[in-house]
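Coordinate analysis (summary)
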Amino acid sequence: MTTVRAAAAAPVVIVGAGPVGVTAAILLARRGVHTVLLERHRDVYPLPRAVAMDDEVRRILQAVGVAEPFATITRPANGLRLLDARHRVFATFRRDGLGRHGYPQTSLFDQPELERLLRQALADHPECELRGGVEVTGVEQAPDQASGAGLVRVTVRPVDGGQSQVVGARAVLGCDGANSIVRQAIGANWQDLRFEERWMVVDARTDLPVRSWEGVDQVCDPARAATFMRIGEDRYRWEFRLLDGEHPGETVDAERVHSLVRPWVHVTDPDSFEILRATGYTFRARIADRWRLGRVFLLGDAAHLTPPFIGQGLCAGLRDAHNLAWKLALVLDGRADERLLESYEAERKPHARQLIRLAVAMGWAMTGGQDRAAALRRRAVAAVCRIPGLTNKISRDMSPALTPGPLVRRGAWEFRSLVGRPCPQPEVTVEGLPTRLDDVLGEGFALLCSAPPGASVRALADSLGARTVRLNGYPLPGETGVLDDGTLTAWLNRSRADAVLLRPDRVVLDVVPRCGGALRDAPTWAALLGTTRVAPHRLAEPGAARRGPNTPSTTPTAAPHSPPSNCSARTEPAAGCATSCTTTACRRSRP
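Residues numbered from 1 in each chain as written. Predicted model: local features only at pLDDT ≥ 70, side-chain atom pairs only at ≥ 80, totals over all residues. Heavy atoms only, no water.

Side note on the overall build of the protein
Check the secondary structure of the protein and you find 16 helices and 28 strands. A total of 591 residues make up the protein; the buried ones form 55% of that total. In the protein, of all internal contacts separated by at least 6 residues, the share reaching a separation of at least 24 is 67%. Summed over its atoms, the accessible surface of the protein is roughly 24800 Å², and 49% of this surface lies on carbon and sulfur atoms. (Helix = DSSP H or I, 4+ residues; strand = E, 2+ residues; numbered from the N terminus. Buried < 20%, exposed > 50% of the residue type's maximum accessible area, 1.4 Å probe, protein only. Contact = heavy atoms within 4.5 Å. Areas by Shrake-Rupley, 256 points an atom, 1.4 Å probe, with all protein chains shown as cover.)

As structure tokens, this is what we get:
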């Protein structure tokens, strides 16, 4: 048994090289963090599992550089239809068209194809090392590792036998699924959210004519609840709830499958209908009671399990990776306080729990049980869905805002409604060329503003290395100017904001209210993000400047504040404005 790498050169070890683990590795690599991925399988697991993704999570694929190739293997879905036992539609939740993140609201795909794209992107990063054909047998915390000192000891051995090896890790990410050894190692237990059903999943390939509306069908039948969707040119997925007394071994024969799929396709020639998989699954709703111990973290199915009714299983895992990667990179680089890592579980666990509960609620409303109450539930759903506009509202952007925590403060003020939510991503124009917003914002923090930022805002943005992006105006030196199609301007105006400070995961960290001058919540998060060079008591004051060790104690002059064209001028700035504003709009617009 050997130990590899000294502490200074130790990598982050990622247990599991599925989509969540590989995404985390790429996001860390793009921030200069070396990783070692440990995976039992030598190649991509060949069978499809996840098949759906929303527009917010496609934005994460953009962040890891696979947005364009993924677009060639996915197809947009029209939404979700609820069907009764006779396959008559009684409710439709449309999700066609682009979502607020710049991609189709729902995309259907084949998970092995996605994993191959991610593996190809992984190979482009020399910071990442993938070791297949190995299994982790132990994860041991160093006595002082919880404070960031010392290494985590990960014991790994070849699956086909051989000598064990101990890898020293600066951090460990457990992306090793529902039976996670990492979860066991940190003493985490499942919390049961009270949903468990046995279903059979059928994946098939056929050129036969299949009745499909290019979306998801959920059959609300007390005798045989089912789900159906087309996920590729000739690829289809069915899911059938198993009845009491049924077992997968009794229902996976070809003739039985042909009988189950007959409402959608009539299999006249068995050779024309290839069954790729027909196996039983238990759909559960669970969440780990703890997601972190020191620098050992749980992500994906190691941390949460959800029924598939709203297509958020893989989405939740990729959100985990996106949330944690930038925080861990900052801490490992010494640019953020160790306490920043506490915000991972504080933000992701309530978010995941809320989506699991939504999936459970939809599952019970659509298919829950075979008693009289189940029939009443289905009739109630049908009645509610007839309310004008309700189905569109329900199906639009199911992802909730992050709950209040170390990096998220919300209150009664209008502008605080933005905090903890991702900013939209419309197409913008830069120097005459159309591009996606995130490609302009860059990898790190970003300040998105519709008016010149004040001195204190500039100071904090500089301390974070944030890129300043100016909307629909003349950019000042050091700013990037973009032309908006109106989406971002309207988004800021609805919350009476002049600017938002965006985290690397594109979630709003803080807001500059209209003519409010300063970031309102900076005293809360500044110490965690290494911005303490700005005096804490001045963080929320207009004109506070970043002061480095060799910087004179002077306040930079704020950029000129141009009055709106429809405002008359004043001879003195409105109270509380950080700049020499001469518009009555400042006085009128103060929160």
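Digging into the nonpolar core
Counting 102 residues, the largest nonpolar core has V12, M53, L173, L299, L328, W525 and L529 as the members making the most contacts within it. The dominant element in this core, judged by the number of residues it contributes, is helix α8 (residues 313–332), at 12 residues. When near neighbours in sequence (up to four residues on either side) are disregarded, W525 contacts P406, L407, L460, L464, L501, L509, D510, L519 and T531. Counting residues in hydrophobic clusters, the runner-up holds 24 residues, among them L437, V482, V507 and V508. (Core = buried A, V, L, I, M, F, W, Y, C linked by side-chain atoms within 4.5 Å.)

Quick notes on the sheet that holds strand β13 (residues 171–174)
The 6 strands lie next to each other as β9-β3-β2-β13-β20-β19, forming an open sheet whose pairing is mixed. Pairing within the sheet leaves two strands with one partner each, and these edge strands are β9 (128–132) and β19 (292–293). Summarising the sheet, strand β2 (residues 12–15) and strand β3 (residues 35–39) pair through 4 bridges and their orientation is parallel. Pairing of V12 across the sheet is with T35, part of β3. (Pairing = 2+ DSSP bridges.)

Overview of the pairing of strand β11 (residues 152–158)
As paired strands, strand β10 (residues 134–140) and β11 are joined by 6 bridges and run antiparallel to one another. Across the sheet, residue V139 finds its bridge partner in β11, namely V154. Bridge analysis of β11 against strand β12 (residues 165–169) gives 5 bridges, and the strand direction is antiparallel. For T155, the partnering residue across the bridge sits in β12 and is V166.

Quick notes on the packing of helix α1 (residues 19–29) against α8
One way to put it is that α1 packs onto α8 with a least axis distance of 9 Å and a crossing angle of 25°. Taken together, α1 and α8 sit at an angle that is classed as roughly parallel. As α1 runs across α8, the sense of the crossing is right-handed. Seen from α1, the contacting residues are P19, V20, T23, A24, L27 and L28; seen from α8, they are L314, G317, L318, A321, H322, A325, L328 and A329. (Axes fitted to C-alpha atoms, helices over the stretch in contact; angles between N-to-C directions. Parallel < 35°, antiparallel > 145°, perpendicular 65-115°, else oblique. Left-handed = near helix turned anticlockwise from the far one by under 90°.)

Topic: the packing of α1 against helix α4 (residues 111–123)
Contact geometry for α1 and α4: axes closest at 10 Å, N-to-C directions at 25°. The angle between α1 and α4 places the two elements in the roughly parallel class. Taken as a pair, α1 and α4 cross one another with a handedness that is left-handed. Of the residues in α4, those in contact with P19, V22, T23, A25 and I26 of α1 are Q111, E115, L118, R119, A121 and L122. Residues belonging to the contact of α1 with α4 are distributed by class as follows: 7 nonpolar, 2 polar and 2 charged. (Nonpolar A, V, L, I, M, F, W, Y, C, P; charged D, E, K, R; others polar.)

Brief notes about the pairing of strand β22 (residues 427–430)
Only one face of β22 is buried, namely the one carrying V428 and V430, since none of E427 and T429 on the opposite face is buried. As paired strands, β22 and strand β23 (residues 433–436) are joined by 4 bridges and run antiparallel to one another. Across the sheet, V428 pairs through a bridge with T435, a residue of β23.

A word on the sheet that holds strand β4 (residues 52–54)
The pairing of strands in a sheet happens through backbone hydrogen bonds and is either parallel or antiparallel. Read from one edge of the open sheet, 3 strands run β4-β8-β5, paired in antiparallel fashion. Of all strands in the sheet, those bounded by a partner on one side alone are β4 and β5 (75–76). Relative to strand β8 (residues 106–108), β5 runs antiparallel, the two sharing 2 bridges. In the strand pairing of β8, P76 is matched with S107.

Structural notes on the confidence of the model for the protein
For the protein, per-residue confidence averages 84 on the pLDDT scale, and residues scoring 70 or more make up 80% of the total. Across residues 533–591, where pLDDT falls below 50, the model places 95 contacts with residues more than four positions away in sequence or in other chains. (pLDDT = per-residue confidence, 0-100.)

Regarding the pattern of salt bridges
Per the counting criterion, the structure on display carries 40 salt bridges. When the shortest N-O distance is used, the salt bridge between D54 and R319 registers 2.8 Å. Here R319 lies in helix α8 and D54 lies in strand β4, a separation of 265 residues in the sequence. The pair formed by D54 and R319 is uniform in burial state, with each residue classed as buried. (Salt bridge = Lys/Arg side-chain N within 4 Å of Asp/Glu carboxyl O.)

Considering the packing of aromatic side chains
Evaluated as defined, the whole model comprises 15 aromatic pairs. Geometrically, the ring pair formed by W326 and F445 is edge-to-face, given 5.6 Å between the ring centres and 85° between the ring planes. Of this pair, W326 sits in helix α8 while F445 sits in the loop between α12 (437–441) and β24 (446–449), placing them 119 residues apart in sequence. No difference in accessibility class separates W326 from F445, as the two residues are buried. Each residue in the set F228, Y236, W238, F240, W264 and F273 is aromatic and connected to the rest through ring pairs, giving one cluster. (Phe/Tyr/Trp six-rings, centres within 6.5 Å; stacked < 30°, edge-to-face > 60°.)

Observations regarding the environment of R506
Structurally, the position occupied by R506 is in the loop between β27 (497–502) and β28 (508–513). Residue R506 is classed as buried on the basis of its relative accessible area, which comes to 4%. Here the alpha-carbon distance between R506 and G444, two residues 62 residues apart in the chain, equals 9.0 Å. Not counting residues within four places of it along the chain, the set of residues in contact with R506 comprises R59, R421, P422, C423, D438, L441, G442, E443, G444 and A446. For R506, the side chain forms a polar contact with the main-chain oxygen of G444, separated by 3.1 Å. (Polar contact = N/O pair within 3.5 Å; in protein donor to acceptor, adjacent residues only side chain to side chain.)

Structural notes on unusual backbone geometry
One can expect most non-glycine residues to show negative phi and most peptide bonds to be in trans. The residue N472 is not glycine, and still its phi comes out positive at about 50°. Tracing the sequence through the fold places N472 in the loop between β25 (467–471) and β26 (479–482). At R506, a residue that is not glycine, the phi angle is positive and equals roughly 70°.

Side note on the environment of N189
Assignment of secondary structure puts N189 in the loop between α5 (181–185) and β14 (190–206). Residue classification places N189 among the partly exposed residues on the basis of a relative accessible area of 48%. A C-alpha to C-alpha distance of 9.7 Å links N189 and W291, two positions 102 residues apart in sequence. Residue contacts for N189: discarding those within four places in its chain leaves I287, A288 and D289.

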